[in-house]
Amino acid sequence: MAARGVEGSTGGEISEESDERGSMWDLDQQLDQPMDEEAGRLRNMYKEKKFSALLLLQLSFQSLGVVYGDLGTSPLYVFYNTFPHGIKDPEDIIGALSLIIYSLTLIPLLKYVFVVCKANDNGQGGTFALYSLLCRHAKVNTIPNQHRTDEELTTYSRTTFHEQSFAAQTKRWLEKNASRKNSLLILVLVGTCMVIGDGILTPAISVLSAAGGLRVNLPHINNGVVVVVAVVILVSLFSVQHYGTDRVGWLFAPVVFLWFLFIASIGMYNVCKHDPSVLKAFSPVYIYRYFKRGGQDRWTSLGGIMLSITGIEALFADLSHFPVSAVQIAFTVIVFPCLLLAYSGQAAYLRKYPHHVEDAFYQSIPSLVYWPMFVIATFAAIVASQATISATFSLIKQALAHGCFPRVKVVHTSRKFLGQIYVPDINWILMILCIAVTAGFKNQNQIGNAYGTAVVIVMLVTTLLMMLIMILVWRCHWVLVLLFTFLSLVVECTYFSAVLFKVNQGGWVPLVIAAAFLIIMYVWHYGTLKRYEFEMHSKVSMAWILGLGPSLGLVRVPGVGLVYTELASGVPHIFSHFITNLPAIHSVVVFVCVKNLPVYTVPEEERFLVKRIGPKSFHMFRCVARYGYRDLHKKDDNFEKRLFESLFLFIRLESMMEGCSDSDDYSICASQQQQPHRDGNESRNLETFDTFDSVEDAGVVHIMGNTVIRARREARFYKRIAIDYVYAFLRKICRENSAIFNVPQESLLNVGQIFYV
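Residues numbered from 1 in each chain as written. Predicted model: local features only at pLDDT ≥ 70, side-chain atom pairs only at ≥ 80, totals over all residues. Heavy atoms only, no water.

**Let's talk about the confidence of the model for the chain**
Thinking step 1. For the chain, per-residue confidence averages 81 on the pLDDT scale, and residues scoring 70 or more make up 85% of the total.
Thinking step 2. Confidence drops under pLDDT 50 across residues 1-48; counting only partners more than four residues distant or on other chains, this segment forms 95 contacts.
Thinking step 3. Scored below 50 in pLDDT, residues 661-692 shows 40 contacts in the model against residues more than four places distant or in partner chains. (pLDDT = per-residue confidence, 0-100. Contact = heavy atoms within 4.5 Å.)

**Focus: the packing of helix α4 (residues 53-67) against helix α18 (residues 324-352)**
Thinking step 1. Relative to each other, α4 and α18 sit at 75°, their axes nearing to 8 Å. It follows from the interaxial angle that α4 and α18 lie roughly perpendicular. Mapping the contact onto sequence places L56, L59, S60, S63, L64 and V67 in α4 and S325, A326, V327, I329, A330, I334 and V335 in α18.
Thinking step 2. Each residue belonging to the contact of α4 with α18 can be placed in one class, and the counts come to ten nonpolar, three polar and no charged. (Axes fitted to C-alpha atoms, helices over the stretch in contact; angles between N-to-C directions. Helix = DSSP H or I, 4+ residues; strand = E, 2+ residues; numbered from the N terminus. Parallel < 35°, antiparallel > 145°, perpendicular 65-115°, else oblique. Nonpolar A, V, L, I, M, F, W, Y, C, P; charged D, E, K, R; others polar.)

**A short note on the packing of helix α7 (residues 91-113) against helix α14 (residues 285-292)**
Thinking step 1. It is the contact of α7 with α14, at a shortest axis distance of 8 Å, that shows an interaxial angle of 125°. With respect to each other, α7 and α14 are oriented oblique. In the crossing of α7 with α14, the sense of the turn from one axis to the other is left-handed. Contacts between α7 and α14 involve E91, D92, I94, G95, A96, S98, L99 and Y102 on the former and, on the latter, Y286, I287, Y290 and F291.
Thinking step 2. Looking at the contact of α7 with α14, its residues break down into eight nonpolar, two polar and two charged. (Left-handed = near helix turned anticlockwise from the far one by under 90°.)

**Side note on the pairing of strand β7 (residues 584-596)**
Thinking step 1. Within β7, eleven of the 13 residues are buried, which leaves the element mostly enclosed by the surrounding structure.
Thinking step 2. Summarising the sheet, β7 and strand β9 (residues 620-627) pair through eight bridges and their orientation is parallel. Following the sheet pairing, K595 is matched in β9 by R626. (Buried < 20%, exposed > 50% of the residue type's maximum accessible area, 1.4 Å probe, protein only. Pairing = 2+ DSSP bridges.)

**Observations regarding the pattern of salt bridges**
Thinking step 1. Under the definition given, this model contains 15 salt bridges.
Thinking step 2. In this structure, E604 and R607 form a salt bridge, with 2.9 Å as the shortest nitrogen-oxygen distance.
Thinking step 3. Among the charged side chains, a salt-bridge network with shared partners connects D89, D92, R293 and R298. (Salt bridge = Lys/Arg side-chain N within 4 Å of Asp/Glu carboxyl O.)

**Side note on the packing of aromatic side chains**
Aromatic ring pairs are described here by two measures, namely the spacing of the ring centres and the angle between the planes.
Thinking step 1. Overall, the coordinates contain 22 aromatic pairs when judged by the stated rule.
Thinking step 2. The interplanar angle of 80° and the centroid separation of 6.4 Å between the aromatic rings of F128 and Y131 together place this pair among those described as edge-to-face. Of the two residues, F128 and Y131 both sit in helix α8 (residues 127-137), three residues apart, roughly one turn of that helix. Residues F128 and Y131 agree in their burial class; the two are buried. (Phe/Tyr/Trp six-rings, centres within 6.5 Å; stacked < 30°, edge-to-face > 60°.)

**Regarding a nonpolar patch on the surface**
Thinking step 1. A cluster of nonpolar side chains, contributed by L480, L483, F486, L487 and V490, occupies part of the molecular surface with about 480 Å² of accessible area.
Thinking step 2. Examined against the element boundaries, V490 turns out to sit in helix α23 (residues 478-500). (Patch = residues over 30% accessible without salt bridge, like charges linked within 9 Å, V, L, I, M, F, W, Y side chains within 5 Å. Areas by Shrake-Rupley, 256 points an atom, 1.4 Å probe, with all protein chains shown as cover.)

**Let's talk about unusual backbone geometry**
Thinking step 1. Of note, R475 is a non-glycine position whose phi angle comes to about 55°, a positive value.
Thinking step 2. The residue R475 is located in the loop between α22 (444-472) and α23 in this model.
Thinking step 3. For R475, a relative accessible area of 45% gives the class partly exposed.
Thinking step 4. Of note in the backbone geometry, H619 takes a positive phi value of approximately 55° without being a glycine.
Thinking step 5. Residue placement: H619 occurs in the loop between β8 (608-613) and β9.
Thinking step 6. Judged by relative accessible area, H619 falls into the buried class, the value being 19%.

**What about the nonpolar core?**
Thinking step 1. Core analysis: the largest hydrophobic core is formed by 167 residues, its most contacted members being Y68, W259, F260, Y362, F405 and M459.
Thinking step 2. Per element, the largest residue contribution to this core is 17 residues, and it comes from α22.
Thinking step 3. Here Y362 is in contact with L76, S209, A210, G212, G213, V216, Y370, F374 and A377, once residues within four sequence places are set aside. (Core = buried A, V, L, I, M, F, W, Y, C linked by side-chain atoms within 4.5 Å.)

**A short note on helix α30 (residues 717-733)**
Thinking step 1. Its 17 residues give α30 an end-to-end C-alpha distance of 23 Å, which sits within 8% of 24 Å, the value for a rise of 1.5 Å per residue.
Thinking step 2. At Y727, α30 shows its largest bend, some 30°.
Thinking step 3. Restricting attention to buried positions, one finds in α30 the residues A722, I723, Y727, L730 and R731.
Thinking step 4. Contacts made by the buried residues of α30 are with α24 (508-537) and β10 (700-710). (Expected span 1.5 Å × (residues − 1). Bend = angle between axes of the 7 residues up to and from the residue.)

Next comes the structure, spelled out in structure tokens:
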């Protein structure tokens, strides 16, 4: 808990020249000396943490199950989606293999594992983690609710740069125009929506491809049976999400490790048995020859080849579970070589049996190990799906914290691991859409086209965000930034041009899903922003409050009134609305602001900021509760208890500082406080504390604003649709504030307001 100055006067702060508040400011300075060394250690806690070699290897092994399940199961469907109409020229197999090899090298290995993963926010990955980094280094947050005290948090790490530097110029350019901030937010939302689309498409294509192995050894089974089996597995997978992965998570790594071991061994076997000459695909000259033979089919085949690098978006989003070095070791030592062997083995087999391309993975498995491999493939597909679903839940929670998603229930499924969460509403939406995609398309090809579209757009968004990260956070030279951006965009735009040809063949699915989620997220954020602006512009002057006198012109009844507001300063309009319409107010009034900051966590000891509003006789306080986007859901069961503990501590500190001169320090004040003699000021403060303690026992009432937003009659039609229909519908179906704050109905008092935009 941090105690700050006393608020009063005409909407600002009472002058520090006041003896009482001046001495409190002095004490605050004495108790809150700069702790650069300790803060530096906390800020770099993640980066500086050292792991023993044995522990690092153990973490690398565990990361296989969480981070690489999706990327590892790509061999199930890559070659069929690359050649959906069959292989016309055996040399095309070598060209396709060469493209796969260099795609895996350039995108997952060089770009993501060794560059993008280093752009984590204290270990947190994903598009919103990158956005949080940018919000701390430039004022690009569209809701301007940050205060200078937020920058004093130990987790609020950021770098500074010279005013004339390229980074400073970029920062000013971003901050200058509201439309640029808005465009950056939309870019982040597009990337997030595409990852949500992956949460639908990954389980569909992975499980359907794994279940498709039944047709190879049981030829009499038709595709309809395979679809039914896949749907049953998917329903089972989504139905057990509420249990969390804590109990079965230890199985993930061994399953995926066995998967990589099997596909690498089978790949080596096929290369040696069928055609060792496929290894010449490591020469990039075969890529040139592949395209030189011409034809649109070879260009559009890039959409299938790109599926070999799907899973990189989940790789970055799930980064928070492991140190970057463990993720890098796992990829370079196990994942990368095993995937190269698996694809090389399938290519060698297809050189001999090109007509087996539809089921290339299962056809290339030796009959002796077919059924064990089928079982492992099914479990690996489930693990890959679980990783993507978990990444989707994590992104939804981050979007909630940034005010970009309607209020939904978030359940923490593990007491040991903070990142393991379950979002019931999203889970069932994902399940319905996933089953619809699986049963609607019924084959890998169209789902693969949809999957490729989603992944390439996520890659493009990440590249653009990384460009800003390199400038503002890493302060790289503009030449290096230009080189990284140019090389990334050349590769990714090439893939993007290929998937555009497949929009009408299933590629439209992620676009429609993403568009729906984008509308929901942006409209909700717009409504949240307008509500905040309304509170800011309609807040009550402190002069008006002070003019009412200590009783506020009302009867002060026993109890504590917690007035919830989005304002971290000033008195909200709902308070004036409340006291204008009711003749009484509680003995103690606390304005509570729950604020989300662009940091991954706020330490418990720094969570609450408390200050007094007006003279002591008013018994009015402000409490700002600050949370990061990965903290436990802010309205936990202990919220009220912690809030009161912070208030009591503030009052104790306030009473301790009275009578201290400029030369006094904390120990002198404390020793004086322990003496039996009490002067008038001290007695008055202790009386205040006793009163506060007693009114808490008298009862707590939660006063919340129920603000309704409506579009003006002269507003444009799209704004009327967005506000009066979409936003109104979302507010109606989302959770109430009282439910999120765990407020009992008998202690709740709603204050209604309407304003027009």
